[in-house]
Amino acid sequence: MRGRSGRGPGRPAGQPGTTLEQVADPDVIVRHVPAACGGCGAGLTGALPVRVARRQVFDIPDPKIVVTEHQIVTVACPCGQRTTGTAPAQATAPVAYGPRLAAIGVYLLHGQFLSVSRTAEALSDLFGVPVAATTVACWVKRTALGIIDKVLPVIGDRVAAAPVAHFDETGLRTAGKLAWLHSASTATDVLLSVHPRRGTEAMNDADVLPRFTGVAVHDAWAPYDTYTAATHALCNAHVLRELVYVTDTATGQVADLSQQAITALTSLWRLVCAARAEDREPDQRVIAEPLHLLRSAVILGAEATTARTTPLERKHHNLFLRLRERRADYLRSVTNPAVPFDNNAAEQTIRMPKLRIKVSGSMRTLTGAQHFAAIRSYTATATRQGINTLDALIQAATGNPWIPTTT
């Protein structure tokens, strides 16, 4: 429950900033020596310098396409056999674009969300080489297929074997219809998949939850609970928003009990965070009070709305009932330090794909959406493991994508 921080705009005090620093060995040195004295006007040829001030300018040299010719030589052996050299993977035709240019195109399209045509224009403007929109589309397809074949199975295995993973789903307009983007992620891996359906059919196709035996952090959407091999932890940020809705739409005792649950839950979260920040478990005597207040608010709230005389009261009752019956799942973070209080990590993984839809309005085809999800899974995982996004895409463009290590 965020409130006003009280601080002004800009970087908070004490937070490390980012700035340029001079290097000891610059690439180019240009000396600016005065030709005449600023006082008497005499020439200064041969005068000894008394001080040198160093100012360094960081810039990019003019981009220039480098054309490398690969000569595939055929040699005739005295035995009569002719043997031809092997062309490198990037030289697939008499004229071809290199992997670095292709990687930059994929990065601009699915990393910075330019359109296909604008990506082609940007490449032409930046590097002075003609690029067609269809060429950019071919780069994306080739890169995505390599990632789908070689990388996504490894990411899926890593997430499925993790002790804690986050799961979420969101709508993704595709081909004029509502498709669904599903996310399964950890601190080091991200697996995104697109499916026409939202429920277990899509989750089974992603093949993470059917194999997952750790703690699954998610919202209270019912299909997640069908995977009984996992231990479930429900998102407290979601339930806090639901409780705020109760305080906004109810009156009297129900609104008061909802506020009591909000206060107890947020107090509990702060106490647990403070304890974990000091690398210790929360004091059970300290957290006993908010735990009791939360339990009493939920039990009394369920009783106060048990009549369910209106659709709104039924909604309130179901919320209190869920908080009562799934108390352990909502408080999983109190007993397990590896489990977070909320599912914000999953929502962060789908934030950029949602921005893609906000920019473009819709993905044109389901296949294109799946390729986009594959590339975003690859780049997000690479970033979380300290791999530069462009370097990872260059590797993928060569047909040998970076692959996370397996244990």
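The structure contained in this document is the topic of the report that follows. (Residues numbered from 1 in each chain as written. Predicted model: local features only at pLDDT ≥ 70, side-chain atom pairs only at ≥ 80, totals over all residues. Heavy atoms only, no water.)

What follows concerns empty space enclosed by the protein. Following the criterion strictly, the structure yields one cavity of 30 Å³ or more and no others. In this structure, the largest cavity encloses a volume near 90 Å³. Taken together, 13 residues make up the lining of the largest cavity; nearest its centre are F167, H182, S183, A184 and A206. Elements supplying a minimum of two residues to the lining of the largest cavity: β3 (164-174), β4 (177-185), β5 (190-195) and α5 (200-206). Per-class residue counts for the lining of the largest cavity are nine nonpolar, three polar and one charged. (1 Å grid on protein atoms, 1.4 Å probe; cavity = no way out; pocket = protein on both sides within 12 Å on 5 of 7 lines; lining within 4 Å. Points joined across faces, edges and corners; volume = space filled by probe spheres on them. Helix = DSSP H or I, 4+ residues; strand = E, 2+ residues; numbered from the N terminus. Nonpolar A, V, L, I, M, F, W, Y, C, P; charged D, E, K, R; others polar.)

So, on to the pattern of salt bridges. Summed over all chains, the structure comprises 13 salt bridges. Linking R158 and D189 is a salt bridge whose minimum nitrogen-to-oxygen distance equals 2.7 Å. In this pair, R158 is assigned in helix α4 (residues 152-160) and D189 in the loop between β4 and β5, connecting sequence segments 31 residues apart. Its relative accessible area of 2% is what places D189 among the buried residues. The salt bridge involving E347 is made with R241; its shortest N-O contact spans 3.8 Å. In this pair, E347 is assigned in helix α12 (residues 344-360) and R241 in helix α6 (residues 236-249), connecting sequence segments 106 residues apart. Three or more residues are tied together by salt bridges with common partners; here these are D225, R326, D329 and R332. (Salt bridge = Lys/Arg side-chain N within 4 Å of Asp/Glu carboxyl O. Buried < 20%, exposed > 50% of the residue type's maximum accessible area, 1.4 Å probe, protein only.)

Turning our eyes to something else, we now look at the packing of helix α13 (residues 366-384) against helix α14 (residues 389-397). Where α13 meets α14, the axes come as close as 9 Å, and the angle between the chain directions of the two elements is 130°. Accordingly, the angle class assigned to the pair α13 and α14 is oblique. Every pair of crossing elements has a handedness; the one defined by α13 and α14 is right-handed. On the side of α13, the interface is formed by I375, Y378, T379, A382 and T383, while α14 contributes T389, A392, L393, Q395 and A396. Partitioning the contact of α13 with α14 into residue classes produces six nonpolar, four polar and no charged. (Axes fitted to C-alpha atoms, helices over the stretch in contact; angles between N-to-C directions. Parallel < 35°, antiparallel > 145°, perpendicular 65-115°, else oblique. Left-handed = near helix turned anticlockwise from the far one by under 90°. Contact = heavy atoms within 4.5 Å.)

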